[in-house]
Amino acid sequence: SVGGKHGDTAFVNAVLLCLTTQHNWLMVALAAAVCFGGLVTALSLFERAHSAGGRMRLALGMAAALTGGLTAWTTHFTGMLGYDPGLELRYDLGLTLASFGIAVIAGLGTALIAFLGRTVVARMAAGVFGIAGVAAMHFVGMSAVRLQGFVSWDPAVVVAAVVMGTLFAAAAGWVHARGRWRGTLGAALLATLAIASLHFTAMGAVSINASPGVAIDPSAYSGTFVLTVIGAAMGVLVLAAVVSIGLTYWSRTSAVRQLREAIDAMPDGLGFYDTEDRLVLWNARYSEVNPELATRLERGMTFRQILEI
């Protein structure tokens, strides 16, 4: 059991030993990058869903939930590709797909809780629900591992992993409730720490006893197969990011176009300037009432230049 000074030292040593001797740090870094980038995308889609309406709100909300769940699942298996216990790892397809389904359900539930309650408590509850789903996904995914040996777990380290992940996830919900881009980035960072701390601490709880006599199920898939699946999953994440950026650009250009049409329809001459007194937008009537400016108006002109003309 883990308890007292000796127990704390044993716990830390188990996690550090796992990270330093059984993990490829390049894959660990890749898993962290995938996690943070995917969560930023998911949270950005969630915020856009809040400000949208009708079918667009539903579509963006679903995209946010699926991106979040896919991010957690991809992070887990990217980390597993970097895990080398000294034995070949293969994966049961049914349980691997089940872990993916759990990750998607976790993403949907997290988004739904956050949508229904916009308070800080609701966002924190959403974070806790999400990390609970990630924990379930992690252990189901680990049960899909097939190797020539037996896997056992240290219960105390497992509990510590879940507690650490839960604390970071609750903090992510609290930060996200503050809103704006800082809230999104802060929540994504804390959620990344939640998933990473849960995954890598839990891996420190694993003990593998090699047994050459254990036969691996021939239907189990190799890490190459999982890598292919991860590649496809990452492709979906990239597509989600592109869609998010495209929707942002479309909404902005659409809003500017509508504003320009409204201004052009006004009978008065109107010119709009930014905080540095530079011309941003004007209507046809503005040049008609100032004929000396008609052929010389251009974006970026200062108000002083216009007065001089």
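The residue numbering used here restarts from 1 in each chain and proceeds along that chain's sequence as written. Only residues with pLDDT of at least 70 are given local features in this predicted model, and only at 80 or more are side-chain atom pairs given and counted; all residues enter the totals for whole chains, interfaces and linings. Note that water and hydrogens are dropped before the side-chain values are worked out from all heavy atoms of the structure.

Enquirer: Help me understand the overall build of the protein in this model?
Expert: Runs of E in the DSSP output that reach at least two residues are strands. Runs of H or I that reach at least four are helices, and both are numbered from the N terminus. Broken down by element type, the protein carries ten helices and seven strands. Only protein chains enter the area calculation, which uses a 1.4 Å probe; residues under 20% of their type maximum are buried, those over 50% are exposed, and those in between are partly exposed. Burial statistics for the protein: of 309 residues in total, 40% are counted as buried. For the protein, the proportion of contacts with a sequence separation of at least 24, taken over those separated by at least 6, is 72%. We get accessible surface area from the Shrake-Rupley algorithm with a probe of 1.4 Å; when it comes to residues, only the shown protein chains can shield them. In the form shown here, the protein has an accessible surface area of approximately 16500 Å², with 66% of it arising from carbon and sulfur atoms. Whether two residues are in contact is decided by their heavy atoms: any pair within 4.5 Å suffices.

Enquirer: What should I look at first to understand the packing of aromatic side chains in this one?
Expert: What characterises a pair of aromatic rings is the spacing of the ring centres plus the angle enclosed by the ring planes. Between 30 and 60 degrees the pair is tilted, below 30 it is stacked and above 60 it is edge-to-face, where a pair is any two Phe, Tyr or Trp rings, Trp via its six-membered ring, whose centres lie within 6.5 Å. Tallied over the full model, the rule gives six aromatic pairs. Taking 4.7 Å as the distance between ring centres and 45° as the angle between the ring planes, the aromatic pair formed by Phe46 and Phe115 counts as tilted. Taken together, the positions of Phe46 in helix 2 (residues 25-51) and Phe115 in helix 4 (residues 93-116) put the pair 69 residues apart, joining distant regions of the chain. Here the two residues Phe46 and Phe115 agree in accessibility, since each one is buried. Taken together, the aromatic side chains of Trp73, Phe77, Tyr91 and Phe100 make up a single cluster linked through ring pairs.

Enquirer: Teacher, can you tell me more about the pattern of salt bridges here?
Expert: Proximity of charged atoms lets side chains of opposite charge pair with each other. In what follows, salt bridge is the name for a side-chain nitrogen of Lys or Arg lying within 4 Å of a carboxyl oxygen of Asp or Glu. Inspection of the entire model under this criterion finds four salt bridges. A salt bridge links Arg90 to Glu88, with the nearest nitrogen and oxygen atoms 3.1 Å apart. The partly exposed category is assigned to Arg90, whose relative accessible area is 21%. In this structure, Glu276 and Arg278 form a salt bridge, with 3.8 Å as the shortest nitrogen-oxygen distance. On the basis of relative accessible area, Glu276 is assigned to the exposed category, the value being 57%. The exposure class assigned to Arg278 is partly exposed, which follows from its relative accessible area of 36%.

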